Amino acid sequence: MLESIVFYTLATLIIGFGVLVVTTRNTVHCVLFLVANFLCVAMIYVLLAAEFLAIIQILVYAGGIVVLYLFVVMLVNLQRQPATAPGRRPQARAGFALAAVMLAELSAILVFSASHPASVAAAAPPAPSGMGNTTMVGLLLYSDYLVPFEVASMLLLVAMVGAIILARKDA
Amino acid sequence: MSTFDTTELTLNMGPQHPSTHGVLRVVLRLDGERVVGCDVVIGYLHRGIEKLCEHRDWQQIVLITDRMDYVAAASNNLGYVETVEKLMSLEVPRRARYIRVILAELQRIASHCLWLGTHAMDMGAMTVFLYCFRERELVLDLFEEYCGARLTYNSMRIGGLPLDIPSGWDKKVRAFCDILESKVPEYEELLTHNRIWRDRTKGIGVIGGADAVALGLTGPVLRGSGVPRDVRKDEPYAAYSDFEFDVPVGTAGDTYDRYLVRIEEFHQSVRIIRQALDGLPEGPIVAKVPRLIKPPAGETYHAIESPKGELGYFIVSDGKSNAPYRFRVRPPSFCNLQALPRLVQGHLMSDVVALIGSIDIVLGEVDR
Amino acid sequence: MTSSYLVPLLKIVVILNAVLVSVTFMTLLERKVIAWVQVRLGPMRVGPYGSLQPIADAIKLLLKEDITPARADKWVFTLAPIVAMVPALIGFAVIPFDREASFFGYRVSLFVADINVGLLYLVSITSIGVYGIILAGYASNSKFPLLAGLRASAQLISYEIAITMMLVSIVVMAGTLSMVGIIDAQYNAHVWYMFVQPVAFVILFIGGLAETNRAPFDLPEAEQELTGGYHTEYSGMRFALFFLAEYANMIVVSSVATTLFVGGWLRPFPNVQWLGVLDYVPGWLWFLLKTFVFIYVFLWIRATLPRYRYDQLMRLGWKVLIPLGIANLIVTATLKVLF
Amino acid sequence: MPLTPITPYHYLVLSAALFSIGVVGVMVRRNIIIVLMSIELMLNAVNINLATFSYQLHDGAGQVFAMFIIAVAAAEAAVGLGIILAFYRNKETLNIDEMNTMRW
């Protein structure tokens, strides 16, 4: 009972902040709503018994990436708002159409799969494995997914070097 | 290719700013964090002292000289009084000259205490400020006992001193010297070997010996760059020729060396005071001087070593009126301040604060 | 069902009130400690020996006019102090004051939650703390607080990396992320991690100073500097919130240091039996004593050391602390694998 | 108020909605930074999906994969913002329509 209350509040918060991110004019407010959105998503992960992922989400996403966005928005945005093109551009209408089609398609899949229960048990509670979520993720990360882990670290290194070179003053 | 919004930014370190030691205005042109250009605006404390003195009787001018470098009033008095005596070729009794040396050296200690306190406070070391002012209070008490004032002493007269030292005063001065000897290591303990202090001062505001002389710098700022120029040694006045003391000289000419030079001057001043107290002769404290002083027509320039540097007086007397025809002062702070735009070149914004403290200026003397 | 939610709620209420009161009295403690270091008395006027000074400060700040600068982003302007204060307070959820204590017959554990990602939770909370500073800089609608705000947050982020590296080496030692687990590990290992991991201890201390913008690293908000701090435009209660957030952060860092390095509520020689007499002192008292020692050192450092320049500060962070943290991690890991 | 127990489908609906909001953001808004943020929203929606399936199938793979996505998103944000800075330095504007040349 309590879990569904928490879920519904979080869901509405996420959707609400998502819409606000997309619609507000002032970019800094946009970034703030994005942070709030990410924090609510982190709580959703806690509901899904994925604490490690929730903490990583807060640490990396809300604590790192969005701070980066805030820095860039402040350095760049303060002079003036980008010139808003006159009238609804055709692309806006296409955007809404595409989003509507996307939503319709996803809900169709959901409705279809909800009516015929798939082979897998719908909502079997997770087997209470001995180790905590963190240890389980850690073990997986270093056993089955070692190669993607190393590749991800290489990717991050490349991204760091790229970002520094791009943003250098005399570049 | 337009760079970011860090195009050249002019920043106004306004007249009322905590670390400009009075009403100095520095207009900084910054490129991001680095100082590109800096021009100093002075004159906020201009009271027209030189013009004022042309309408004052000779003895009254001593009062006005107190208010020039209000941190070292005794040195100002000494400089003026000696110039007039040189003009009148007056012979000052030995006892008066000895007491004048003691007063000047006490004043140097007090001025250096204030410099060290504010200099360290600007860079975050709050405690040194309180320690220095504790010692400065002792010096002010000594002056108060001698001449009744704590800031504008009016402690000297043309021809000697207004009053003899009160009984027991020399014992108090000796006690003060012992206290100071034990306290200066306390300042050094906090700062000299402190990594953060060294990082903030080593290599900041470097100026070579030749450039310093070319700019007319004097005092600890010049000695920090390795030039052993000290008026007390080169042209001894009052009774400095009777005492032996050495002149601390820096090597690199950066803020750290200027700091070391002034710290060493504490010890030298104490040494001088002790010798002066030991050899204090008996005798009159003022020469035979007519009630109404009328120095013969003529002009003269005489310089002394004030805590900030070479303080010179150029006085022209027309022999008839009882006021100087022309009264000109060569203040050390004014000349040392010239170096600021050169020293600040290429440093960061927070170094400007350290540099202003390092050249130790007092705006009363700069603006006159 | 209610009892399982009542106890944590009570704990939260108690801890929050305790923190807020201790934070206000820390302002007095700081002024007193700095005064004693500087051979003076500190606030003596309000109440006996100045003890009621914090209450006077609080009332003053409450009554002071709360100005919002013209054309400032009002909404963000009011949000910034809150965003600065909240992470500082919610960090206390995982700080373990003591394992067991009995009050009026209830045996209750003196920590709000012992989640198995305790340490990581703390790191992520400090990374959220950066927002308060950036938003304060942005909302003041003038160039200098913005620059100061960006500089302060850049400093926070770079020192956060150093601290995370150091925390990982502690986790390698203790084998668990949960704070209570770390203390048990220290108990079983018969040694405090301060002696086993001196380098990590130094890094946490320096990083902690930098994280809370204090002592040698408080350039962004230094008055003597040209650009005022990021909270120059704030006044009244909002300014007080920033001030209290800084102190709350300081307590969090000190208690983390106590938990990780000096064995939280363990009495000095936990395994030495003949020192059993020390057991009469309750565990949480040891915890408070140790935390107080760390807080005292924070204040002591502020009174003595001069301030770093901004580029030296960042150079220290990137070129000294982070490599040191990584090296410490590598050494700990290899030793752990070998033995 | 009988609330049906939360089934994974609730989470999927939520992530679908979030994803479509991201799509709207990308298509409609003209400020590049907002577009990048909407992409972050879409990535988050994908992460929720992964977490849901990992919860439903009791297999950590979903969460591990979500972490890789976060890593990639971090790299993408860093480089993307680097490009935006370089772009802004030349064109003084953030309007996405002007970003139509490969070299400037």
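Residues numbered from 1 in each chain as written. Chains lettered and ligands numbered in written order. Predicted model: local features only at pLDDT ≥ 70, side-chain atom pairs only at ≥ 80, totals over all residues. Heavy atoms only, no water.

Draft legend 1. Just the overall build of chain D, in detail. Per the secondary structure count, chain D includes three helices and zero strands. Helices and strands appear in chain D in the N-to-C order α-α-α. Taken over the C-alpha trace, chain D has a radius of gyration of 18 Å; the compact-globule value for 104 residues is 13 Å, which it surpasses by more than 25%. Its C-alpha atoms put chain D at 55 × 30 × 20 Å along the principal axes. Burial analysis of chain D (104 residues in total) assigns 62% to the buried set. A sequence separation of at least 24 residues applies to 51% of the contacts in chain D between residues at least 6 apart. As displayed, chain D offers around 3,800 Å² of accessible surface, 72% of which is attributable to carbon and sulfur atoms. Averaged over its 5 positive side-chain charges, chain D has a centre that lies 11 Å from the centre of its 6 negative ones. (Helix = DSSP H or I, 4+ residues; strand = E, 2+ residues; numbered from the N terminus. Rg over C-alpha atoms; globule rule 2.2 N^0.38 Å. Buried < 20%, exposed > 50% of the residue type's maximum accessible area, 1.4 Å probe, protein only. Contact = heavy atoms within 4.5 Å. Areas by Shrake-Rupley, 256 points an atom, 1.4 Å probe, with all protein chains shown as cover. Lys, Arg positive; Asp, Glu negative; His and termini not counted. Charge placed at Lys NZ, Arg CZ, Asp CG, Glu CD.)

Draft legend 2. Layout of the arrangement of the chains. Here five pairs of chains make contact, and the pair sharing the most contacts is chains A and D. Left apart from each other, chain C and chain D have a closest C-alpha approach of 15 Å.

Draft legend 3. Structural detail: the interface of chain D and chain A. Chain D puts 70 residues into the contact, and the matching count from chain A is 88 residues. Both faces considered, chain D and chain A share a buried interface measuring about 7,000 Å² in area, 76% of it formed by carbon and sulfur atoms. At the boundary of chain D with chain A, the tally comes to zero salt bridges. Across the chain D-chain A interface, the total number found is five residue pairs in polar contact (both at pLDDT 80 or more). Those elements giving two or more residues to the side of chain D that touches chain A turn out to be helix H1 (8-28), helix H2 (32-56) and helix H3 (61-91) of chain D. Among the elements that make up the side of chain D that touches chain A, the one with the highest residue count is H3 of chain D (23 residues). Grouping the constituent residues of the side of chain D that touches chain A by class yields 49 nonpolar, 14 polar and seven charged. (Buried area = accessible area lost by both parts, 1.4 Å probe. Salt bridge = Lys/Arg side-chain N within 4 Å of Asp/Glu carboxyl O. Polar contact = N/O pair within 3.5 Å; in protein donor to acceptor, adjacent residues only side chain to side chain. Nonpolar A, V, L, I, M, F, W, Y, C, P; charged D, E, K, R; others polar.)

Draft legend 4. A look at the pattern of salt bridges. Taken as a whole and assessed by the stated rule, the structure comprises 37 salt bridges over all chains. For Asp-199 of chain B, the salt bridge identified is with Arg-195 of chain B, shortest N-O distance 3.5 Å. Within this pair, Asp-199 of chain B and its partner Arg-195 of chain B are both found in helix H7 (residues 195-201), separated by four residues, close to a single helical turn. With relative accessibility at 18%, the residue Asp-199 of chain B sits in the buried group. A salt bridge links Glu-30 of chain C to Arg-214 of chain C; its shortest N-O distance comes to 2.5 Å.

Draft legend 5. Geometry of the sheet that holds strand E1 (residues 9-13) of chain B. Residue and element names in this part refer to chain B. Pairing is antiparallel across the open sheet formed by three strands, whose spatial order is E1-E2-E3. Each end of this open sheet is capped by a strand with a single partner; those strands are E1 and strand E3 (34-41). Averaged over neighbouring strand pairs, the angle between their axes works out to 20° when direction is ignored. Direction of pairing for E1 relative to strand E2 (residues 25-31): antiparallel, over a ladder of five bridges. (Pairing = 2+ DSSP bridges. Axes fitted to C-alpha atoms, helices over the stretch in contact; angles between N-to-C directions.)

Draft legend 6. Representation of the environment of Ala-120 of chain B. Residues and elements named next belong to chain B. Following the sequence through the fold, Ala-120 ends up in helix H4 (residues 94-122). Residue classification places Ala-120 among the buried positions, given a relative accessible area of 0%. Along the backbone, Ala-120 and Arg-328 are 208 residues apart, and their C-alpha atoms lie at a distance of 33 Å.

Draft legend 7. Just the sheet that holds strand E4 (residues 298-306) of chain B, in detail. All names here are of chain B. On the basis of which strands lie adjacent, the open sheet formed by three strands has the order E4-E5-E6 and antiparallel pairing. Across the chains shown, the open sheet's two edge strands, defined by having one partner strand only, are E4 and strand E6 (326-330). Taken pair by pair, the neighbouring strands of this sheet meet at an average axis angle of 15°, ignoring direction. In terms of strand pairing, strand E5 (residues 309-317) meets E6 through five bridges, oriented antiparallel. Opposite Gly-312, over in E6, you have Arg-330 as the bridge partner.

Draft legend 8. Quick look at the packing of aromatic side chains. Under the defined criterion, the tally for this structure stands at 33 aromatic pairs over all chains. One aromatic cluster is present, formed by Phe-201, Phe-205, Phe-261, Phe-294 and Phe-298 of chain C through successive ring pairs. Here the basic side chain of Lys-233 of chain B rests over the ring of Phe-245 of chain B, its NZ or CZ set 4.1 Å away from the ring centre. The ring of Phe-334 of chain B has Arg-368 of chain B lying over it, and the distance from NZ or CZ to the ring centre is 5.7 Å. (Phe/Tyr/Trp six-rings, centres within 6.5 Å; stacked < 30°, edge-to-face > 60°. Lys NZ or Arg CZ within 6 Å of the ring centre and 35° of its normal.)

Draft legend 9. Quick look at the confidence of the model for chain D. Per-chain confidence: chain D averages 85 in pLDDT, with 95% of residues scoring 70 or above. In the predicted assembly, ipTM is 0.82 and pTM is 0.86. (pLDDT = per-residue confidence, 0-100.)

Draft legend 10. Quick look at the interface of chain A and chain C. Taken together, the contacts link 25 residues of chain A with 25 residues of chain C. Together chain A and chain C conceal approximately 2,000 Å² of surface at their shared face, both sides included; 83% is due to carbon and sulfur atoms. At the surface where chain A touches chain C, the tally comes to zero salt bridges. Taken together, the connections running from chain A to chain C amount to two residue pairs in polar contact (both at pLDDT 80 or more). Elements that contribute at least two residues to the side of chain A that touches chain C include exactly helix H2 (27-47), helix H3 (51-77) and helix H5 (133-142) of chain A. Among the elements that make up the side of chain A that touches chain C, the one with the highest residue count is H3 of chain A (13 residues). In terms of residue class, the side of chain A that touches chain C is built from 18 nonpolar, six polar and one charged.

Draft legend 11. Local environment of the side chain of Gln-186 of chain C. Residue and element names in this part refer to chain C. Summarising the element assignment, Gln-186 is placed in helix H6 (residues 179-188). Note on Gln-186: relative accessible area 1%, which makes it buried. Residues within four places of Gln-186 in sequence aside, it is in contact with Val-191, Trp-192, Tyr-193, Thr-259, Leu-260, Phe-261, Val-262, Gly-263 and Leu-266.

Draft legend 12. Quick look at the nonpolar core. Counting 179 residues, the largest nonpolar core has Ile-44 of chain A together with Met-166 and Phe-261 of chain C as its most contacted members. The leading source of residues in this core is H3 of chain A, at 19 residues. Residue assignment places this core across two domains, with domain 1 (1-78) and domain 2 (134-171) of chain A each supplying three or more. Excluding residues that lie within four positions of it along the chain, Phe-261 of chain C makes contacts with Met-166, Ile-170, Gln-186, Trp-192, Tyr-193, Met-194, Gln-197, Ala-200, Phe-201 and Leu-204 of chain C. Membership of the second largest hydrophobic core comes to 87 residues, among which are Ile-49, Val-81, Cys-132 and Val-247 of chain B. (Core = buried A, V, L, I, M, F, W, Y, C linked by side-chain atoms within 4.5 Å. Domains from an automatic or database assignment.)

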